[in-house]
Amino acid sequence: APQEGGCEGSTQQSPPPKKKASGEKDDKQTTVFVGGLRKVTSEDKVTAHFAKFGQVESVDIKRLPDGSSRGFAFVKFAEQESVDKVIEARSSHMIDNKWVAVRPHGGSAFNAAQNAERDAQAKALAKEERRLLEEEEGPDEYLEEKWSEKYLTVAAQV
């Protein structure tokens, strides 16, 4: 019986940490990252904007030690649905007449969004570089021909 009790005690002890972990995960699922905020934008303004999408539980504007805004915040909603709505409307978030970037916070969706963004930027850069290289090739070949003609003419005169 004492051994059974010990077993029972350990099973009673393990659910709380598990619950905490899923609680943290849920926090991330109901939280969005908001970037590009004006330094003067207040928590109230952010709350008022996102209240249109569902009940806002908290707005955490990240600040420097001197109290000035770092220009981004985490907005926690009561419902996961609100997050989905916010992300769906991510191209139309304006706070204090400034467009702000909105992404899911943490989780695979967040990483996927970040990676997709990075990939898109990398692809765009590669495309741009390729285009520039192609443009450069044209004039360079032309210059080379001109230069060799000139060189031959000068060489012939010597």
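Read on for a plain summary of the structure. None of the values given here were measured: they were computed from a predicted structure.

Scoring rules and cut-offs
Residues numbered from 1 in each chain as written. Predicted model: local features only at pLDDT ≥ 70, side-chain atom pairs only at ≥ 80, totals over all residues. Heavy atoms only, no water. Helix = DSSP H or I, 4+ residues; strand = E, 2+ residues; numbered from the N terminus. Contact = heavy atoms within 4.5 Å. Areas by Shrake-Rupley, 256 points an atom, 1.4 Å probe, with all protein chains shown as cover. Pairing = 2+ DSSP bridges. Axes fitted to C-alpha atoms, helices over the stretch in contact; angles between N-to-C directions. Buried < 20%, exposed > 50% of the residue type's maximum accessible area, 1.4 Å probe, protein only. Salt bridge = Lys/Arg side-chain N within 4 Å of Asp/Glu carboxyl O.

### A closer look at the overall build of the protein
Working step 1: Within the protein, the regular secondary structure consists of five helices and six strands.
Working step 2: Scanning the protein from its N terminus toward the C terminus, one meets helices and strands in the order α-α-β-α-β-β-α-β-β-β-α.
Working step 3: Put simply, of all contacts in the protein between residues at least 6 apart along the chain, 59% involve residues at least 24 apart.
Working step 4: Of the roughly 11,600 Å² that the protein leaves accessible, carbon and sulfur atoms contribute 54%.

### Structural notes on the sheet that holds strand 3 (residues 69-77)
Working step 1: Pairing is antiparallel in the open sheet, where four strands are placed in the order 2-3-1-6. Edge positions in the open sheet fall to strand 2 (56-63) and strand 6 (101-104), since each of these has one partner strand only. Between one strand axis and the next, the sheet turns by 20° as a mean value, whatever way the strands run.

### Some thoughts on the side chain of H49
Working step 1: Looking at where H49 falls in the secondary structure, it is placed in helix 3 (residues 43-50).
Working step 2: For H49, a relative accessible area of 8% corresponds to the buried category.

### A word on the pattern of salt bridges
Working step 1: Across all of its chains, the model carries four salt bridges by this definition.
Working step 2: Across the pair K45 and D96 runs a salt bridge whose closest N-O atoms are separated by 2.7 Å. A residue pair is termed long-range when its members are at least 10 positions apart, and K45 in helix 3 and D96 in the loop between strand 4 (94-95) and strand 5 (98-99) qualify at 51 residues.
Working step 3: Residue classification places D96 among the partly exposed positions, given a relative accessible area of 22%.
Working step 4: With a closest N to O distance of 2.9 Å, E57 and K76 form a salt bridge. Here E57, found in strand 2, pairs with K76, found in strand 3; they are 19 residues apart in sequence, far enough to count as distant.
Working step 5: For E57, a relative accessible area of 45% corresponds to the partly exposed category.
Working step 6: Under the relative-accessibility criterion, K76 is labelled buried at 19%.

The values are spatial; any link to function lies outside them.
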